[in-house]
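Single-letter residue listing:
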Amino acid sequence: MTDFNLLVTLDVLLSEGSVARAARRLRLSPSAMSRALARLRETTGDPLLVRAGRGLVPTPRALELRERVSQLVQDAESVLRPAERLELAGLQRTFTIRAREGFIDNFGAELVARVAAEAPGVRLCFVDKLDKESTALRDGTVDLETGVVGKATGPEVRTRALFRDRFVGVVRAGHALVEGTVTVARYAEGGHIAVSRQGLERGAIDEALMQAGHERKVATVVGSFAAALALARASDLIASVPERQTGKLRDGLHTFALPLAAPQVTVAMLWHPRMDADPAHRWLRSLVHAICAVGG
């Protein structure tokens, strides 16, 4: 008879890609984990993890099994988890939320207030979102994320749309674009601030301008919308940023609709599927959705 505990071991091994790390996560000795890997190899008839330099890499069979095994383990944990009635008044828990700049400015205060009113023992910890990798969701260091779903998002990650956001142009008070109609030509002629975490000068806005027969001059590249708005506030440069995500960050600045087919993005919340059935996590997701989706 198959030992179904091997599924848990296989799930962790394939997730970690390391016998030592898997042993630490399962609180086993390295030798016990090595024996478990030997049993898995014998059971599956495949080496699963093979040496490559100083590390281990998964075989094609291991890659094929990874998502299936992960889902089987999650389903088993869900079946065996006792029914739980959520008592918000007595809940003691810290949730870590990873988001780009602007989330706290626009939604943080209301979210903290709602959490405090409904579950005073719950604390929210906000951390910066510096990339789109799903590692932090997988290893549990982050409970919930907000952002645009991209190619780097893990295939197993669950998502729920919060709102659609469009890009707008932003300049300082007194800028020439404050007066008159902002045409494509006037917009393209100005000096621009590009926003890219990878330092790229060109993006969706440049593609839209090219289709309209224009090209903008990028004077500088920054890594965040907050930095772009700070530069626009102190110069004659033009920032192009998502409207809803930068609402409060644009206070005191002049905002105008882009005179072209402005790119739009869908902002979502993301979480690991193992948190699907957790009552407290479901409650947090419902709050985030209720707050962020208003007016979306």
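Residues numbered from 1 in each chain as written. Predicted model: local features only at pLDDT ≥ 70, side-chain atom pairs only at ≥ 80, totals over all residues. Heavy atoms only, no water.

Enquirer: Help me out: how do you make sense of the environment of Val288 in this one?
Expert: Examined against the element boundaries, Val288 turns out to sit in helix H10 (residues 279–292). The class for Val288 is buried, based on a relative accessible area of 1%. For Val288 and Phe167, which are 121 residues apart along the polypeptide, the C-alpha to C-alpha distance reads 22 Å. Sequence-distant contacts of Val288, that is, excluding residues within four places in its chain, are made with Leu111, Leu144, Leu162, Met269 and Ala293. (Helix = DSSP H or I, 4+ residues; strand = E, 2+ residues; numbered from the N terminus. Buried < 20%, exposed > 50% of the residue type's maximum accessible area, 1.4 Å probe, protein only. Contact = heavy atoms within 4.5 Å.)

Enquirer: Help me understand unusual backbone geometry in this model?
Expert: Glycine aside, the phi torsion of most residues is negative, and most peptide linkages are trans. With a phi close to 60 degrees, Arg27 is a non-glycine residue in the positive phi region. Positive phi outside glycine occurs at Leu48, with the angle close to 65 degrees. Tracing the sequence through the fold places Leu48 in the loop between helix H3 (30–44) and strand E1 (49–52).

Enquirer: Help me understand the packing of helix H2 (residues 19–26) against H3, please; the structure alone is not making it clear to me.
Expert: Two numbers describe a pair of packed helices, the interaxial angle and the distance between the axes. The contact between H2 and H3 brings their axes to 9 Å, and the two run at 110 degrees. Here H2 is positioned roughly perpendicular relative to H3, judged by the angle of their axes. Contacts between H2 and H3 involve Val19, Ala22, Ala23 and Leu26 from the first element and Pro30, Met33, Ser34 and Leu37 from the second. Grouping the constituent residues of the contact of H2 with H3 by class yields 7 nonpolar, 1 polar and no charged. (Axes fitted to C-alpha atoms, helices over the stretch in contact; angles between N-to-C directions. Parallel < 35°, antiparallel > 145°, perpendicular 65-115°, else oblique. Nonpolar A, V, L, I, M, F, W, Y, C, P; charged D, E, K, R; others polar.)

Enquirer: Please clarify how the environment of Ser31 should be interpreted in this entry.
Expert: Here Ser31 shows up in helix H3. Measuring from C-alpha to C-alpha, the distance between Ser31 and Val19 comes to 9.1 Å, with 12 residues separating the pair along the chain. In terms of polar contacts, Ser31 uses its side chain to reach the side chain of Ser29, at 3.1 Å. (Polar contact = N/O pair within 3.5 Å; in protein donor to acceptor, adjacent residues only side chain to side chain.)

Enquirer: Would you explain the packing of aromatic side chains in this entry?
Expert: Between two aromatic rings, the relevant description is the distance of the centres plus the angle of the planes. In the structure shown here, the tally under the stated rule is 5 aromatic pairs. On the basis of an interplanar angle of 50 degrees and a centroid distance of 6.2 Å, the ring pair of Phe103 and Phe126 is categorised as tilted. Residue Phe103 is found in helix H5 (residues 103–118), and its partner Phe126 is found in strand E4 (residues 122–128); the two are separated by 23 residues along the sequence. The exposure class of Phe126 is partly exposed, given its relative accessible area of 24%. Between Phe107 and Phe163 the ring centres are 5.8 Å apart and the planes differ by 45 degrees, which places this aromatic pair in the tilted class. Linking Phe107 in helix H5 with Phe163 in strand E6 (residues 158–171), this pair joins segments that are 56 residues apart in sequence. Since its relative accessible area comes to 6%, Phe107 is described here as buried. Here the aromatic residues Phe103, Phe107, Phe126 and Phe163 are joined through ring pairs into a cluster of three or more. In this structure, Arg285 packs its charged tip against the face of Trp271, placed 4.3 Å from the ring centre. (Phe/Tyr/Trp six-rings, centres within 6.5 Å; stacked < 30°, edge-to-face > 60°. Lys NZ or Arg CZ within 6 Å of the ring centre and 35° of its normal.)

Enquirer: Explain the pattern of salt bridges to me, please; I cannot follow it from the model alone.
Expert: Here the idea is simple: oppositely charged side chains can pair when their charged atoms come close. Counting across every chain of the model gives 16 salt bridges. Of the charged contacts in the structure, one is a salt bridge between Arg21 and Glu16, with a shortest N-O distance of 3.4 Å. Residue Arg21 is classed as partly exposed on the basis of its relative accessible area, which comes to 39%. Between Glu64 and Arg61 there is a salt bridge whose closest N-O contact spans 3.2 Å. Here Arg61 and Glu64 lie together in helix H4 (residues 60–80), a separation of 3 residues that amounts to about one turn. It is possible to trace a salt-bridge network through shared partners that takes in Arg202, Asp206, Glu215 and Arg216. (Salt bridge = Lys/Arg side-chain N within 4 Å of Asp/Glu carboxyl O.)

By themselves, these figures tell us nothing about what the structure is for.
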